[in-house]
Amino acid sequence: PGMIQLGGHETIGDTGKVLSKLVDIVMARVIAHKTIEELGKSCTIPVINGMSDYNHPTQEIGDMCTIMEHLPQGKRLEDCKVVFVGDATQVCASLGFITTKLGMHFVQYGPQGHQLNEEHKEILKKNCALSGGSFLVTDERERVRVFHDYQVNRELMQLGNLGCKFLHCLPATRGEDVTDEVADSDASLCWEQAGNRLTAMRGLLVYLTCCRREPSGAQIAAAKEELDRVLCDKLGCVEAYCGVSKAEKS
């Protein structure tokens, strides 16, 4: 605020109008979500939420890239359960939104008083009704003290299915929210996850600068072919990713 006066001497609406004449896209990391909404209304260019007190959608696009890249062969997104350990941060909310929208199974494991609220749950319910996913908000394990036993450590990881992976939006508070043993283990994907923030941003920039205008049928077909190629490269075989063999397809 001291540098660009966003919402200070100049109104957010005025700032949005000026930025629309100077740049192609605005990405804003703000405190109050209403700031993003005001920018979206006043800008004539795309506005990306880089994080607000409500949600953090760009983080979760990168997270989904990471999950897709490391799906076991033959396993679909719909087969996966994602457990968020901790309080109902904006990262937790967005992770719940995107996983349930994609038909996955989402759990927030955190203490009462620090769980997703009713507004969040209504969105999760609507997503699940459309996608077939599921969600659960719980503090059940051993009726533990607030946050003390919500650390991700070897014991907690062992409660997951064999081969479960660890993600963290970073920065991590080692020894508090996660142990070194987990963060630096073979099960940890948090470093790949960090790199996929760039993947997510690139994808959004391409979409918002090249793909938003009404595409032709040929452009849609070309984009689908390119997506299939990327998935095949990343996952070894797009049929395995979809859970369908070539024989079944024929």
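Coordinates for the structure precede this section.
Residues numbered from 1 in each chain as written. Predicted model: local features only at pLDDT ≥ 70, side-chain atom pairs only at ≥ 80, totals over all residues. Heavy atoms only, no water.

A. Representation of the overall build of the chain within the structure. A count of helical and extended segments in the chain gives 11 helices and five strands. Long-range contacts, defined as pairs at least 24 residues apart, comprise 58% of the intrachain contacts of the chain with a sequence gap of at least 6. When the accessible area of the chain is evaluated, it comes to approximately 15,200 Å², of which 55% is carbon and sulfur surface. (Helix = DSSP H or I, 4+ residues; strand = E, 2+ residues; numbered from the N terminus. Contact = heavy atoms within 4.5 Å. Areas by Shrake-Rupley, 256 points an atom, 1.4 Å probe, with all protein chains shown as cover.)

B. Here's a closer look at helix α5 (residues 118-131). Its 14 residues give α5 an end-to-end C-alpha distance of 20 Å, which sits within 8% of 20 Å, the value for a rise of 1.5 Å per residue. Among the residues making up α5, those that are buried are His-120, Lys-121, Leu-124, Asn-127 and Cys-128. Around the axis of α5, the buried residues are gathered within 125° of arc, so they sit on the same side. Residues of α5 that are exposed and point more than 90 degrees away from the buried face comprise Glu-118, Glu-119, Lys-126, Ala-129 and Leu-130. Where α5 is buried, its residues meet α4 (90-101) and β5 (134-138). For α5, the capping residue at the N-terminal end is Asn-117, with a side-chain oxygen 3.0 Å from the backbone nitrogen of Glu-119. Downstream of α5 by one or two residues, Gly-132 has phi in the positive range, about 85°. (Expected span 1.5 Å × (residues − 1). Buried < 20%, exposed > 50% of the residue type's maximum accessible area, 1.4 Å probe, protein only. Arc of directions from axis to C-beta. Polar contact = N/O pair within 3.5 Å; in protein donor to acceptor, adjacent residues only side chain to side chain.)

C. Region of the structure containing the nonpolar core. Ile-67, Leu-77, Phe-84, Met-104, Phe-106 and Leu-116 are the most contacted members of the largest nonpolar core, which totals 17 residues. When residues of this core are traced back to their parent elements, those giving at least two are α3 (57-69), β3 (81-85) and α4. Looking at this core, the element that brings in the most residues is α4, giving five residues. When sequence neighbours within four positions are dropped, the list of residues in contact with Phe-84 reads Thr-89, Val-91, Cys-92, Leu-95, Phe-106, Val-107, Gln-108 and Tyr-109. In this structure, Met-157, Ala-183, Ala-187 and Cys-190 belong to the second largest nonpolar core, which totals 11 residues. (Core = buried A, V, L, I, M, F, W, Y, C linked by side-chain atoms within 4.5 Å.)

D. How the structure looks around the sheet that holds β5. Taken together, three strands build an open sheet; the order of strands is β3-β4-β5 and the sheet is parallel. The two strands at the open ends of the sheet, each matched to only one other strand, are β3 and β5. Between one strand axis and the next, the sheet turns through 10° on average, direction left out of account. Bridge count for strand β4 (residues 105-109) against β5 is five bridges, and the pairing is parallel. Directly across from Gln-108, in β5, lies its bridge partner Val-137. (Pairing = 2+ DSSP bridges. Axes fitted to C-alpha atoms, helices over the stretch in contact; angles between N-to-C directions.)

E. A look at the packing of aromatic side chains. Scanning all chains against the criterion turns up two aromatic pairs. For the pair Tyr-54 and Phe-97, a centre-to-centre distance of 6.1 Å together with 40° between the ring planes defines the contact as tilted. A residue pair is termed long-range when its members are at least 10 positions apart, and Tyr-54 in the loop between β2 (47-51) and α3 and Phe-97 in helix α4 qualify at 43 residues. A relative accessible area of 23% means that Tyr-54 is categorised as partly exposed. Accessibility expressed as a relative area gives 13% for Phe-97, which makes it buried. Between the aromatic rings of Tyr-109 and Tyr-150, the centroid separation amounts to 4.6 Å while the plane-to-plane angle is 40°, which identifies the pairing as tilted. Highlighted residues: Tyr-109 in strand β4 and Tyr-150 in the loop between β5 and α6 (154-157), separated in sequence by 41 residues. Assigned by exposure class, Tyr-109 and Tyr-150 land together as buried. (Phe/Tyr/Trp six-rings, centres within 6.5 Å; stacked < 30°, edge-to-face > 60°.)

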